[in-house]
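Okay, here's what each chain looks like letter by letter:
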Amino acid sequence: MIDDTHWNTLLAEVTTEANTYDSLTPPLVQTSTFTFPSAESGARRFTGEEEGYVYTRLSNPTIRLFETAVAKLEGAEDGLAFGSGMGAISAVLMNLLKNGDHLLCANGLYGSTFGLLDMLNERFDISHTLSPLASAQEIEAAITPSTKAIYLETPVNPTLSLVDIELVAKTAHKHGLPLIVDNTFMSPYLQRPLLHGADVVVHSATKYLGGHGDVIAGVAVGSRELMQSIRMTTLKDIGAILGPFEAWLLLRGMRTLALRMNQQVQSAQTLAHYLLAHPAVDKVYYPGLYAKDKAIMDKQMRAPGAMISFELKGGIEAGRQLMNRLQRIKRAVSLGDIHTLIQHPATMTHLLVPREDRLKMGLADGLVRLSVGIEDVVDLQSDLAAALRSDL
Ligand code: 7XF
């Protein structure tokens, strides 16, 4: 269990650690391969009888430092780094599932995770169903004899509603099923799913862990046994590995995770209340604004996070206008950066999704998603105020 009061100390420790050169910051071991002192030693490294690196696709000291740092922050035994969040998600799912198996998922998943599940279904006969997973009865009813794992994101994108990790974990374990949680929207600073019973946590490390918009990366953490199994199968043989330099950048970004998060959450809370009171805004989605989420939030989250979705009364045209009028807030997908980013699903990420399907996913025409950065909140609010003129 991590002592919450010492997060900055912990981050400083786990992202540096003692190393060969006593350097303050971790060494960047930018190499593809490692030399063996002798033929016999090389053979022993391949069989695992001797400690030592072999090839960067299998492991690398800088990547290893990043993996163990995230594992410690999440309270896991071990971790694995990947070249993207999707690399992590696909490696975990393809390790745990085989043809004929079924995956139960919470309603609402990141678009490419949906895409992966569709592909697994069409090509490999691995099916999935979606459920709100809101009560033990609902979860029980959705589990089938071929269900092999449960997968969820919380808060759910883009409605930012919450799923009770402990409730799902308890029901999953009654059936001997592992629970996988995508913790990208929260980061381990705000939510540690393993402490509430989850078995595996995945992240798009592109987001809050990196924090600076300069890396695409993913990570998975869980038991030593499972991580070792993934390393030797869907990581090693499919090969979506992280590069050493990216691992080094992530370690640098992670040293300020708590500081960034505190600032971003504080600004997001201010902006969520500002938007809620704005006449051009129909609805605001932000954890904790509504009573129904309060109990889950208090149980598993340190704070509501820094992602806000809101619906403009003026629909699609209002969304487009808002995007174009903003001066400081950047029009971009991705999230969790020091820069405040905004995107309008109907004209951007979901432009190619038929309108009817998009509405079913909870993505109204005027829905906008804001990822709040570290800029001064006064500047962010005035940028929004100038763009949200009465003609929207
Ligand atoms: O492979 P990536 O590092 O881009 O991570 C995929 C991913 C996994 N889980 C969640 C909850 C995510 O949000 C993402 C990526 N989301 C970005 C976004 O929603 O803006 C991707 C840009 S299209």
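Before going into details, it helps to say that this report is about the structure given with it. Predicted model only: the values in this text are computed from it and were never measured.

A word on the site of the ligand
Phase 1 of the analysis: Close to the ligand lie 17 residues; Asp-182, Thr-206, Lys-207, Ser-334 and Arg-369 are nearest.
Phase 2 of the analysis: At 2.8 Å, a side-chain N or O of Ser-204 approaches an oxygen atom of the ligand.
Phase 3 of the analysis: Residue Thr-206 places a side-chain N or O atom 2.7 Å away from an oxygen atom belonging to the ligand.
Phase 4 of the analysis: Relative to its unbound accessible surface of 530 Å², the ligand loses 87% to contact with the protein.
Phase 5 of the analysis: It is helix H4 (residues 85-96) that provides the largest number of residues to the shell around the ligand, a total of 3 residues.
Phase 6 of the analysis: Across the shell around the ligand, the residue classes break down as 7 nonpolar, 6 polar and 4 charged.

Focus on the sheet that holds strand E12 (residues 367-371)
Phase 1 of the analysis: With respect to topology, 5 strands assemble into an open sheet ordered E8-E9-E12-E11-E10, the strand pairing being mixed. Edge positions in the open sheet fall to strand E8 (281-285) and strand E10 (330-331), since each of these has one partner strand only.
Phase 2 of the analysis: Pairing between E10 and strand E11 (residues 341-343): 2 bridges, direction parallel. Counterpart to Arg-331 in the pairing with E11 is Ile-342.
Phase 3 of the analysis: Contacts between helix H11 (residues 257-276) and the sheet are confined to E8, strand E9 (307-312) and E12, with E9 contributing the most and set at about 10 degrees to the helix.

Structural notes on the sheet that holds strand E4 (residues 147-153)
Phase 1 of the analysis: One open sheet accounts for 7 strands, arranged E1-E7-E6-E5-E4-E2-E3; its pairing is mixed. For this open sheet the edge positions go to strand E1 (78-82) and strand E3 (127-131), each flanked by a neighbour on one side alone. In this sheet, neighbouring strand axes are inclined to one another by 20 degrees on average, regardless of whether the strands run parallel or antiparallel.
Phase 2 of the analysis: Pairing between strand E6 (residues 200-204) and strand E7 (residues 218-222): 4 bridges, direction antiparallel.

Procedures and definitions
- Residues numbered from 1 in each chain as written.
- Predicted model: local features only at pLDDT ≥ 70, side-chain atom pairs only at ≥ 80, totals over all residues.
- Heavy atoms only, no water.
- Near = heavy atom within 4 Å.
- Polar contact = N/O pair within 3.5 Å; in protein donor to acceptor, adjacent residues only side chain to side chain.
- Areas by Shrake-Rupley, 256 points an atom, 1.4 Å probe, with all protein chains shown as cover.
- Helix = DSSP H or I, 4+ residues; strand = E, 2+ residues; numbered from the N terminus.
- Nonpolar A, V, L, I, M, F, W, Y, C, P; charged D, E, K, R; others polar.
- Pairing = 2+ DSSP bridges.
- Contact = heavy atoms within 4.5 Å.
- Axes fitted to C-alpha atoms, helices over the stretch in contact; angles between N-to-C directions.

Any functional reading would require information beyond the geometric quantities listed.
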